[in-house]
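# Results of the structural survey
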Amino acid sequence: PSDVKLMILAWKLNAEQQGYFTRGEWCNGLEDMRVDSAPLLLAKLDSYEKELWGNTRSPKFKDFYKFAFRFSRTAGQKTLEIDTVKALLPIVTPEGHPHVEGLLGYLEATPSVRGFNEDQWSSFLLFSHEVSTDFSNFDENGAWPSVLDEFVEWGKK
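Residues numbered from 1 in each chain as written. Predicted model: local features only at pLDDT ≥ 70, side-chain atom pairs only at ≥ 80, totals over all residues. Heavy atoms only, no water.

### Regarding the side chain of Thr93
With respect to the element layout, Thr93 can be found in the loop between helix H5 (82-92) and helix H6 (100-109). Among the polar contacts made by the side chain of Thr93, one reaches the main-chain carbonyl oxygen of Leu89 at a distance of 2.7 Å. (Helix = DSSP H or I, 4+ residues; strand = E, 2+ residues; numbered from the N terminus. Polar contact = N/O pair within 3.5 Å; in protein donor to acceptor, adjacent residues only side chain to side chain.)

Have a look at this one:
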C-alpha cells in the first residue's frame, strides 16, 4: 500500500495478502471495528492513525509495524527487498520519526544493502527510540544488526 490508511485497514482486517481482502477478512474485520458504512470506516481509519502516530512505543504500534513487514514481503520470502523498505518505512512511521530520513539516505548511498530481514526491521524501530539522532549515545558494542552499525558509521561522517 502507498497510504498508511490502506496499511492500517489491512492490519485491522488481518489481511494475508496484498491487493486482496477475502470476504471473511472484510466481514470479520468490519465487525471487529464496529463499522457499517464507508464514512464510519474512514473515521475509524483516521482515529487508528492518530492513535498509532501518537505513541510509536505502544504495543499497538509495534504490532502494526511488524504486520507491515510481514504483509509487504513477497510470498515465500523472509526479507523485504530494499526498494520495498525504502517505500514502506515512510508510510508506516509518522513524519519526522527519528532516523527514518537518515536511514533512507544511507540505503540510497549503499547499494550493497539488498534487503531487510524481520530482525533488522524490528531492531530499527527500537534503534529509532533509543539512539539519539546525533548517535552520541550509540553503543558500538551493542547487539544491533550490522546494517545499523554501518548506518551509524555512515551517519557520523
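### Let's talk about the packing of aromatic side chains
Any aromatic ring pair is given by two values, namely how distant the centres are and how the planes are angled relative to each other. Following the criterion strictly, the structure yields 16 aromatic pairs and no others. Here the aromatic rings of Tyr106 and Trp154 are separated by 5.7 Å at their centres, their planes lie at 65°, and the arrangement is edge-to-face. With Tyr106 in helix H6 and Trp154 in helix H8 (residues 146-156), this pair connects stretches of sequence that are 48 residues apart. By relative accessible area, Trp154 is classed as partly exposed at 33%. (Phe/Tyr/Trp six-rings, centres within 6.5 Å; stacked < 30°, edge-to-face > 60°. Buried < 20%, exposed > 50% of the residue type's maximum accessible area, 1.4 Å probe, protein only.)

### Section: the pattern of salt bridges
Tallied over the full model, the rule gives seven salt bridges. Its salt-bridge partner being Glu140, residue Lys156 comes within 3.8 Å of it at the nearest N-O pair. Pair noted here: Lys156 is in helix H8 and Glu140 is in the loop between helix H7 (118-130) and H8, with a separation of 16 residues, a long-range link. A relative accessible area of 61% places Glu140 in the exposed class. When salt bridges with common partners are traced through the structure, they connect Lys5, Asp46 and Glu49 into a single cluster. (Salt bridge = Lys/Arg side-chain N within 4 Å of Asp/Glu carboxyl O.)

### A few points about the packing of helix H4 (residues 59-72) against H7
Two numbers describe how H4 lies on H7: the axes approach to 10 Å, and their chain directions differ by 150°. Classified by the angle between their axes, H4 and H7 sit roughly antiparallel to one another. The two elements H4 and H7 meet at a crossing, and its hand is right-handed. Each of Phe61, Lys62, Tyr65, Lys66, Phe69 and Arg70 in H4 lies in contact with H7, whose residues at this interface are Glu118, Trp121, Ser122, Phe124 and Leu125. Per-class residue counts for the contact of H4 with H7 are six nonpolar, one polar and four charged. (Axes fitted to C-alpha atoms, helices over the stretch in contact; angles between N-to-C directions. Parallel < 35°, antiparallel > 145°, perpendicular 65-115°, else oblique. Left-handed = near helix turned anticlockwise from the far one by under 90°. Contact = heavy atoms within 4.5 Å. Nonpolar A, V, L, I, M, F, W, Y, C, P; charged D, E, K, R; others polar.)

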